[in-house]
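Descriptive structure summary
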Protein chains: 2
Amino acid sequence: MKGKEKRAKEAGDVLRELGYRLTPQRMLILAAVQASDSHISAEEIYSQVRAQYPHVNISTVYRTLDLLKGLSLVTETDLGEGRVRYHYADKGHHHHLICERCGAIIDVDENLFLPLKRTLLKDYQFNADIRHFAIFGRCTKCPR
Amino acid sequence: MKGKEKRAKEAGDVLRELGYRLTPQRMLILAAVQASDSHISAEEIYSQVRAQYPHVNISTVYRTLDLLKGLSLVTETDLGEGRVRYHYADKGHHHHLICERCGAIIDVDENLFLPLKRTLLKDYQFNADIRHFAIFGRCTKCPR
DNA sequence: GTTGCGCCTGCAAGCTATTGCAACAACCTC
DNA sequence: GAGGTTGTTGCAATAGCTTGCAGGCGCAAC
Ligand SMILES: [Mn+2]
Ligand SMILES: [Mn+2]
Ligand SMILES: [Zn+2]
Ligand SMILES: [Zn+2]
């Protein structure tokens, strides 16, 4: 069994163990997210899945992504391009700084937010789910 | 001149001074955002404006909000209800912690993010625009 | 007050994403 | 393997928001 198929199977087992049905649609959507080396959109997942399973509907893609999000198997982020992108959670967490002027995207490590997370837990009794943020602003190379 | 009209006029002057045209639509949209005591949606602004100016179109509301956002006259935030809400910037900045289980919304002061802002500027040369965040997670009263 | 430039708007079409519903099929039981 | 339960899906309608375009109107110049 190849690595990619093994990973897809494992995540599928997570669904099964939690009582969710393991449909061909779900397996293909999971595989598409896992196979993506970066951030993949619902439409991109849809066209990949449709190549192997033409009958599938885009609403199933959205519903499945919602399920996977709720189970913390994927993270979602809005990089400001008018559509949301998804990321397989096991591939590691990180955040993005997006310059509104020049469009540059700077990746930052997730532990940058640890102090904030701790403060929110200690002072506000709140467990913040900070795994894939997009923060807008201006890089210092851009004037004004 | 009443307070509300005065404020609307002042913000309008900002537009004029920057070379933007002061249309009735823009003045009414600005007034609606300023008059709101909390977070107002585009649809709510639209229906308020339409009461005085029936000819207006919803796309003008969105375009104007985009303009005001770019000029830092209003802030925008997505509280997870399927539509974005707006806030007059001069009324003060704050952030929201939203429990995904019970729906509770905890307001937090903006200076909670000052350490993070400083780190981003110092270590990543990035001026983060952190004025109206919504952070999702779980309040500690909610199990699991 | 009139004129003219060009920013702004209404309109309609389009895009991403969500939802109600009836049919379908995954999975458990026998 | 057959049958039944119920979670899941496809479909179509819908919601929120955006965009291209042609005409309208704010504003400055005279
Ligand atoms: Mn990412
Ligand atoms: Mn707020
Ligand atoms: Zn930049
Ligand atoms: Zn809660």
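Residues numbered from 1 in each chain as written. Chains lettered and ligands numbered in written order. Predicted model: local features only at pLDDT ≥ 70, side-chain atom pairs only at ≥ 80, totals over all residues. Heavy atoms only, no water.

1. Focus: the overall build of chain A
- In terms of regular secondary structure, chain A is built from five helices and seven strands.
- Traced from its N-terminal end to its C-terminal end, chain A shows the element sequence α-α-β-α-α-β-β-β-β-α-β-β.
- Every one of the 144 residues in chain A was classed for burial, and the buried ones make up 39%.
- Summarising the internal contacts of chain A: among those between residues at least 6 apart in sequence, 53% fall at separations of at least 24.
- Counting every atom, chain A has about 8,400 Å² of accessible surface; 48% of that belongs to carbon and sulfur.
- Counting 22 positive and 18 negative side-chain charges, chain A places the centres of these two groups 2 Å from one another. (Helix = DSSP H or I, 4+ residues; strand = E, 2+ residues; numbered from the N terminus. Buried < 20%, exposed > 50% of the residue type's maximum accessible area, 1.4 Å probe, protein only. Contact = heavy atoms within 4.5 Å. Areas by Shrake-Rupley, 256 points an atom, 1.4 Å probe, with all protein chains shown as cover. Lys, Arg positive; Asp, Glu negative; His and termini not counted. Charge placed at Lys NZ, Arg CZ, Asp CG, Glu CD.)

2. Quick look at the pattern of salt bridges
- Per the stated rule, a full pass over the model turns up twelve salt bridges over all chains.
- Between A:K69 and A:E76 there is a salt bridge; the shortest N-O distance is 2.9 Å.
- Across the salt bridge formed by B:K69 and B:D66, the nearest N and O atoms sit 2.8 Å from each other. Taken together, the positions of B:K69 and B:D66, both in helix 4 (residues 58-70) and three residues apart, correspond to about one turn of that helix.
- With relative accessibility at 49%, the residue B:D66 sits in the partly exposed group.
- When salt bridges that share partners are traced, they join A:E44, A:E81 and A:R85 into one network. (Salt bridge = Lys/Arg side-chain N within 4 Å of Asp/Glu carboxyl O.)

3. Here's the deal with the sheet that holds strand 3 (residues 85-88) of chain A
All names here are of chain A.
- Ordered by their spatial adjacency, three strands build an open sheet running 1-3-2, and the pairing between neighbours is antiparallel. Two strands in the sheet have a free side with no partner beyond their single neighbour: strand 1 (40-41) and strand 2 (74-77).
- The sheet contact formed by strand 1 and strand 3 spans two bridges and is antiparallel. Its bridge partner lying in strand 3, S41 is registered against R85.
- Sheet contacts for helix 2 (residues 24-35): strand 1, strand 2 and strand 3; angle to strand 3, the most-contacted strand, approximately 85°. (Pairing = 2+ DSSP bridges. Axes fitted to C-alpha atoms, helices over the stretch in contact; angles between N-to-C directions.)

4. Things to note about the interface of chain B and chain A
- Across the boundary between the two partners, chain B contributes 27 residues, which contact 27 residues of chain A.
- At the boundary of chain B with chain A, total buried surface from both sides reaches about 2,100 Å², with 75% on carbon and sulfur atoms.
- The largest share of the area that chain B buries against chain A comes from B:L112, B:Y124 and B:F126, three residues that together contribute 28% of it.
- Between the two partners, chain B and chain A, sit zero salt bridges.
- One can count six residue pairs in polar contact (both at pLDDT 80 or more) joining chain B with chain A.
- Per-class residue counts for the side of chain B that touches chain A are 18 nonpolar, five polar and four charged. (Buried area = accessible area lost by both parts, 1.4 Å probe. Polar contact = N/O pair within 3.5 Å; in protein donor to acceptor, adjacent residues only side chain to side chain. Nonpolar A, V, L, I, M, F, W, Y, C, P; charged D, E, K, R; others polar.)

5. So, the relation of the copies chain B and chain A
- Between chain B and chain A, which share one sequence, the superposing operator has a rotation angle of 180° and an axial displacement of 0.0 Å; the RMSD is 0.0 Å. Look at the turn and shift together and you get a two-fold axis relating the two. Taking the C-alpha atom as reference, chain B places B:L116 closest to the rotation axis, 3.7 Å from it. (Least-squares fit on C-alpha atoms with pLDDT ≥ 70 in both.)

6. Quick look at the coordination of the zinc ion (ligand 4)
All names here are of chain B.
- Distances from the zinc ion (ligand 4) to its protein donors, C99 (SG), C102 (SG), C139 (SG) and C142 (SG), fall within 2.1 to 2.4 Å.
- Each of the four donor atoms bound to the zinc ion (ligand 4) contributes to angles spanning 105 to 115°, and the resulting shape is tetrahedral.
- The exposure class of C142 is buried, given its relative accessible area of 15%. (Donors = N, O, S within 2.8 Å, 3.2 Å for Na, K, Ca; no water. Tetrahedral: all angles 85-135°; square planar, octahedral: opposite > 155°, others 65-115°.)

7. Describing the packing of helix 2 of chain A against helix 3 (residues 42-52) of chain A
Residue and element names in this part refer to chain A.
- Between helix 2 and helix 3, whose axes approach to 9 Å, the crossing angle comes to 130°. Classified by the angle between their axes, helix 2 and helix 3 sit oblique to one another. Two packed elements cross with a definite hand, and for helix 2 against helix 3 that hand is right-handed. Contacts from L28, I29, A32 and V33 of helix 2 reach helix 3 at I45, Q48, V49 and Q52.
- Its residues assigned to classes, the contact of helix 2 with helix 3 comprises six nonpolar, two polar and no charged. (Parallel < 35°, antiparallel > 145°, perpendicular 65-115°, else oblique. Left-handed = near helix turned anticlockwise from the far one by under 90°.)

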